[in-house]
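# Structural description and commentary
Chain by chain, the residues:
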Amino acid sequence: MKTIFTLMLTAILTDNIVLSKFMGICPFLGVSKKLSSSLGMGAAVIFVMACATVVTYPVYALILEPNNLTYLRTVAFILIIALFVQLVEIILKKIMPPLYNALGVYLPLITTNCAVLGVTLQNIDNGFSFGISVLNSVFVGMAFTLALILFSGVRSRIENADIPDTFKGVPSTLIAASIVSVSFMAFSGMQIG
Amino acid sequence: MSNFKEFTKGLIKENPNLIGLLGMCPTLAVTNQAKNGLGMGLATTFVLVCSNLIISLLKNAIPKSVKLPCYIVIIAGFVTLVEFILHGYVPSLYESLGTFLSLITVNCIILGRAEMFASKNKVIPSICDGLGMGLGFTLSLFLIASVREILGAGQWMGMTISDKIEPMSIFVMSPGGFFVLGCIIALVNKIAKRRPPEKIGCAGCPNAAVCGQKGECAE
């Protein structure tokens, strides 16, 4: 129980995937303009990350590792994730149209989100067991969502601010992200566990 | 002559990183040291040139409906190759780039060039385009990494610059990455006298083909 709590705090606060590991910056800058789209994207990412781990971990442990093919993991994982996302899209469309309407637009964008591939690779690198890997993916997805939600609040303020012309748009967004990142750095002094 | 133009456009005028705003994740993550930025840039260039070459050769063989998985597998194959090469010859760089070496696979620059250029053009222009875009990316990574290393560690390419000035270590940490990148993009806009991009629109987004240009992400 204690390790799970530690894992959660580490994933969400000290090692936040967006603000300190720099994965998934594209959706972080692109989708975080409105709270509703941040929530939609976040939910889709949590879902896909957890499912991608459930699918890729057995492939790695049962197929690649026994056959000494671990160097193929990048190819195998990205292919599985790409196929899986398409599959999820088709199934959701048929079975749960309301959920599809809520997440639909964000699902295909996730295939090329480096955070998803990054998490599955890091679970393997850290030597996590299957259960811990899945939990870690959910926590990392939550961290991504938290960063997106926090930042959508910051951005809605920037929209109305009077910024010098050269800094309008992406530069000011990046500098705001830098300040949000400073606040997350404060957690790194925390002694966990 | 036109091939030369395909090559030079990626260096400055259509720099994928500072003007196109693509490939942000590695730009922020590996630019804490100039040599890491350089290594990452060159590794990406290699993958970009090879994948552009193969995709432009196969452009008529790949069915439209499965082009994305096809591109990704080709790119991932070359990324695995680069991982082997770096692991064998430059293990220190392999260690410091870590997961981000594997993540070249999902770098939007490579997928973007495959989608927008290599799948529509002949082999030689595609190679020139890949080389130019790759070197443009390398150049921008090297620039950002140099600024961060000089300000944050007081060093450049591992050489100490001055002992008298206390380095501001925040620049090599994560907030410094966002800050320096923001300032450099603003500077490029100032020099180029162009209005800064309001958003990463569908035109510049390699995912546009996947989401059917619904444009929701930019809202």
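Keep in mind that what you see is a predicted model, and the values were worked out from it rather than measured.

### With respect to the overall build of chain B
- When helices and strands are tallied, chain B shows 10 helices and 2 strands.
- Looking at chain B as a whole, 53% of its 219 residues qualify as buried.
- Partitioning the contacts of chain B with sequence separation of at least 6, the portion at a separation of at least 24 is 72%.

### A short note on the overall build of chain A
- Tallying secondary structure elements over chain A gives 9 helices and 0 strands in all.
- Reading chain A from its N terminus to its C terminus gives the helix and strand order α-α-α-α-α-α-α-α-α.
- Taken over 193 residues, chain A has a buried fraction of 55%.
- Within chain A, counting contacts between residues at least 6 apart in sequence, those at least 24 apart form 77% of the total.
- Put simply, chain A shows about 8400 Å² of open surface, and 67% of that area lies on carbon and sulfur atoms.

### Structural notes on the packing of aromatic side chains
Residue and element names in this part refer to chain A.
- This structure, assessed with the given rule, holds 7 aromatic pairs over all chains.
- Between tyrosine 60 and phenylalanine 77, the ring centres sit 6.2 Å apart and the planes meet at 75°, which makes this aromatic pair edge-to-face. Highlighted residues: tyrosine 60 in helix α3 (residues 35-64) and phenylalanine 77 in helix α4 (residues 73-95), separated in sequence by 17 residues.
- Look at phenylalanine 77 and you get buried, because its relative accessible area is 0%.

### Some words on the interface of chain B and chain A
- Listed as interface residues are 47 residues of chain B and, on the opposing side, 45 residues of chain A.
- Both sides of the chain B and chain A interface together cover about 4200 Å² of buried area, and 77% of this is carbon and sulfur.
- For the interface between chain B and chain A, the tally reads 0 salt bridges.
- Elements with a minimum of two residues in the side of chain B that touches chain A: α2 (24-29), α4 (67-89), α6 (99-102), α7 (108-118), α9 (174-192) and α10 (208-211) of chain B.
- Residue classes in the side of chain B that touches chain A are distributed as 30 nonpolar, 9 polar and 8 charged.

### Re the confidence of the model for chain A
- Summary statistics for chain A give a mean pLDDT of 83 and a share of 92% for residues scoring 70 or more.
- Of all secondary-structure elements in chain A, the lowest mean pLDDT belongs to helix α6 (residues 106-111) of chain A, at 71, while helix α8 (residues 130-160) of chain A reaches the highest, 89.

### Looking at unusual backbone geometry
Residue and element names in this part refer to chain A.
- A positive phi angle is found at phenylalanine 22, which is not glycine, with a value near 55°.
- Counting through the fold element by element, phenylalanine 22 comes out in the loop between α1 (2-14) and α2 (25-30).
- Residue classification places phenylalanine 22 among the buried positions, given a relative accessible area of 5%.

### Focus on the pattern of salt bridges
- Taken as a whole and judged by the stated rule, the model has 5 salt bridges over all chains.
- Several salt bridges converge on common partners, so that one network encompasses Glu6, Lys9, Arg113 and Asp129 of chain B.

### What to know about the side chain of glutamate 115 of chain B
- Along the chain, glutamate 115 of chain B falls in helix α7.
- A distance of 3.1 Å separates a polar atom in the side chain of glutamate 115 of chain B from a polar atom in the side chain of lysine 67 of chain B.

### Quick notes on a nonpolar patch on the surface
- A cluster of nonpolar side chains, namely Tyr71 and Leu72 of chain A together with Phe46, Leu81, Phe84, Ile85, Tyr89 and Val90 of chain B, defines an oily patch on the protein surface of about 760 Å² accessible area.
- The element that contributes the greatest number of residues to the nonpolar patch is α4 of chain B, accounting for 4 residues.
- Along the polypeptide, leucine 72 of chain A turns up in the loop between α3 and α4.

### A few points about the environment of isoleucine 46 of chain A
Residues and elements named next belong to chain A.
- As for its placement among the helices and strands, isoleucine 46 is situated in helix α3.
- Each C-alpha atom of the pair isoleucine 46 and serine 137 lies 7.4 Å from the other, and the pair is 91 residues apart in sequence.
- Contacts of isoleucine 46, omitting those with residues within four sequence positions, involve Val138, Gly141, Met142 and Thr145.

### Some remarks on the confidence of the model for chain B
Residues and elements named next belong to chain B.
- Of all residues in chain B, 87% have pLDDT values of 70 or greater, and the mean over the chain is 81.
- The weakest mean pLDDT in chain B belongs to α10 at 49; the strongest belongs to helix α3 (residues 34-57) at 92.
- Considering only residues more than four positions removed or in separate chains, one finds that residues 209-219, a stretch of pLDDT under 50, has 20 contacts.

### Here's the deal with the side chain of threonine 14 of chain A
- Relative to the helices and strands, threonine 14 of chain A is located in helix α1.
- The buried category is assigned to threonine 14 of chain A, whose relative accessible area is 15%.

### Thoughts on the packing of α3 of chain B against α7 of chain B
Residue and element names in this part refer to chain B.
- Look at α3 against α7: their axes get within 10 Å of each other, and the N-to-C directions meet at 30°. Looking at the two axes, α3 sits roughly parallel to α7. Of the two elements, α3 crosses α7, and the hand of that crossing is right-handed. Two secondary-structure elements touch here, α3 through Thr44, Val47, Leu48, Ser51, Asn52, Ile55 and Ser56 and α7 through Ile109, Ile110, Arg113, Ala114 and Ala118.
- Taken together, the residues of the contact of α3 with α7 break down into 7 nonpolar, 4 polar and 1 charged.

Parameters at a glance
- Residues numbered from 1 in each chain as written.
- Chains lettered and ligands numbered in written order.
- Predicted model: local features only at pLDDT ≥ 70, side-chain atom pairs only at ≥ 80, totals over all residues.
- Heavy atoms only, no water.
- Helix = DSSP H or I, 4+ residues; strand = E, 2+ residues; numbered from the N terminus.
- Buried < 20%, exposed > 50% of the residue type's maximum accessible area, 1.4 Å probe, protein only.
- Contact = heavy atoms within 4.5 Å.
- Areas by Shrake-Rupley, 256 points an atom, 1.4 Å probe, with all protein chains shown as cover.
- Phe/Tyr/Trp six-rings, centres within 6.5 Å; stacked < 30°, edge-to-face > 60°.
- Buried area = accessible area lost by both parts, 1.4 Å probe.
- Salt bridge = Lys/Arg side-chain N within 4 Å of Asp/Glu carboxyl O.
- Nonpolar A, V, L, I, M, F, W, Y, C, P; charged D, E, K, R; others polar.
- pLDDT = per-residue confidence, 0-100.
- Polar contact = N/O pair within 3.5 Å; in protein donor to acceptor, adjacent residues only side chain to side chain.
- Patch = residues over 30% accessible without salt bridge, like charges linked within 9 Å, V, L, I, M, F, W, Y side chains within 5 Å.
- Axes fitted to C-alpha atoms, helices over the stretch in contact; angles between N-to-C directions.
- Parallel < 35°, antiparallel > 145°, perpendicular 65-115°, else oblique.
- Left-handed = near helix turned anticlockwise from the far one by under 90°.

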